[in-house]
Amino acid sequence: MRSDKHLYQIFQAAPQLLLDLLGRSDSSSSTNAQSLRLESVNIKAIERESDAVLFFDLPNKTLLIVEWQFYTDPWIYNRTVVSMAILQEQYQDHQIEGVIVFESAAKDPQTEPWRKVVSSFVLDELLAQLAGRDPDHPLIALFQPLIESNEQKVQSQAARWYNQLVSFPIDDRAKSVMLSVFIDWIMQRLQ
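Report on the accompanying structure.

**Details of unusual backbone geometry**
- In the segment running from E112 into P113, the intervening peptide bond is cis, with an omega of -5°.
- Within the fold, P113 resides in the loop between strand 6 (95–102) and strand 7 (118–122).
- Despite not being glycine, Q110 shows a phi value in the positive range, around 50°.
- Residue position: Q110 is located in the loop between strand 6 and strand 7.
- Given the relative accessible area of 42%, Q110 is considered partly exposed.

Below you can see the structure in the form of structure tokens.
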């Protein structure tokens, strides 16, 4: 399924949700939600575009360079580390952290020594942890078309998941993006 563009749209519209997914939300980040922004950054020195960089519009904060990996790529860690190094040159007053979110553990090449430098996660594990912290979080419903393996369950639960998204208290723009992505993922899944 197509996902990179959708993931960027979701987290650009509501960057706080990315922190929620990564388990990095706290009271200080929620009060500073207006100071978050997510951008796709062109790293000119190597002619490569990052999937996303999460910026905090505050001095001396960490910049998260986030890569979504939904296919096998043995060089994902190497590319992420190179991107981190170049971003460090461009944003010298910030700490740079690399994050890779894998569709499944099987897609993670666990490249040494770079996996000690880059944080790696598996999407369904992140969602399970989020569900433990906040069972009604909209990302849990939103990602079901991507992570649920049982096609009959996707078909039977799609309306319930959609209604969870509709009822979540979030600004209209972010909600519209999430609903649009959810419908597209359902359409791709249930052709």
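**Considerations on the packing of helix 8 (residues 151–167) against helix 9 (residues 172–189)**
- Running from N to C, helix 8 and helix 9 point in directions that differ by 170°, and their axes come no closer than 10 Å. Judged on the interaxial angle alone, helix 9 and helix 8 are roughly antiparallel. Residue-level inspection shows E151, V154, A158, W161, Y162, L165, V166 and S167 of helix 8 in contact with helix 9, the latter providing K175, M178, L179, F182, I183, I186 and R189.
- Classifying every residue of the contact of helix 8 with helix 9 by side-chain character gives 11 nonpolar, one polar and three charged.

**Things to note about the packing of aromatic side chains**
- Under the criterion given, the structure shown has four aromatic pairs.
- For the pair F143 and W185, a centre-to-centre distance of 5.6 Å together with 35° between the ring planes defines the contact as tilted. Of this pair, F143 sits in the loop between helix 6 (138–142) and helix 7 (144–147) while W185 is found in helix 9, placing the two residues 42 residues apart along the sequence.
- For W185, a relative accessible area of 0% puts it in the buried group.

**Focus: helix 1 (residues 4–13)**
- Within helix 1 the residues assigned to the buried category are H6, L7, I10, F11 and A13. One side of helix 1 holds all its buried residues, which, seen down the axis, span an arc of 165°.
- Those residues of helix 1 that are buried lie in contact with helix 2 (16–21), strand 1 (36–39), strand 5 (62–69), helix 6 and helix 9.

**Considerations on the pattern of salt bridges**
- Following the criterion strictly, the structure yields seven salt bridges and no others.
- Between K107 and E103 there is a salt bridge; the shortest N-O distance is 3.7 Å.
- In this structure E103 comes out as partly exposed when scored by relative accessible area, which is 32%.
- A salt bridge links R115 to E112; its shortest N-O distance comes to 2.8 Å.
- A cluster of three or more residues bridged by salt bridges with shared partners is formed by E112, R115 and K116.

Definitions and cut-offs
- Residues numbered from 1 in each chain as written.
- Predicted model: local features only at pLDDT ≥ 70, side-chain atom pairs only at ≥ 80, totals over all residues.
- Heavy atoms only, no water.
- Helix = DSSP H or I, 4+ residues; strand = E, 2+ residues; numbered from the N terminus.
- Buried < 20%, exposed > 50% of the residue type's maximum accessible area, 1.4 Å probe, protein only.
- Axes fitted to C-alpha atoms, helices over the stretch in contact; angles between N-to-C directions.
- Parallel < 35°, antiparallel > 145°, perpendicular 65-115°, else oblique.
- Contact = heavy atoms within 4.5 Å.
- Nonpolar A, V, L, I, M, F, W, Y, C, P; charged D, E, K, R; others polar.
- Phe/Tyr/Trp six-rings, centres within 6.5 Å; stacked < 30°, edge-to-face > 60°.
- Arc of directions from axis to C-beta.
- Salt bridge = Lys/Arg side-chain N within 4 Å of Asp/Glu carboxyl O.

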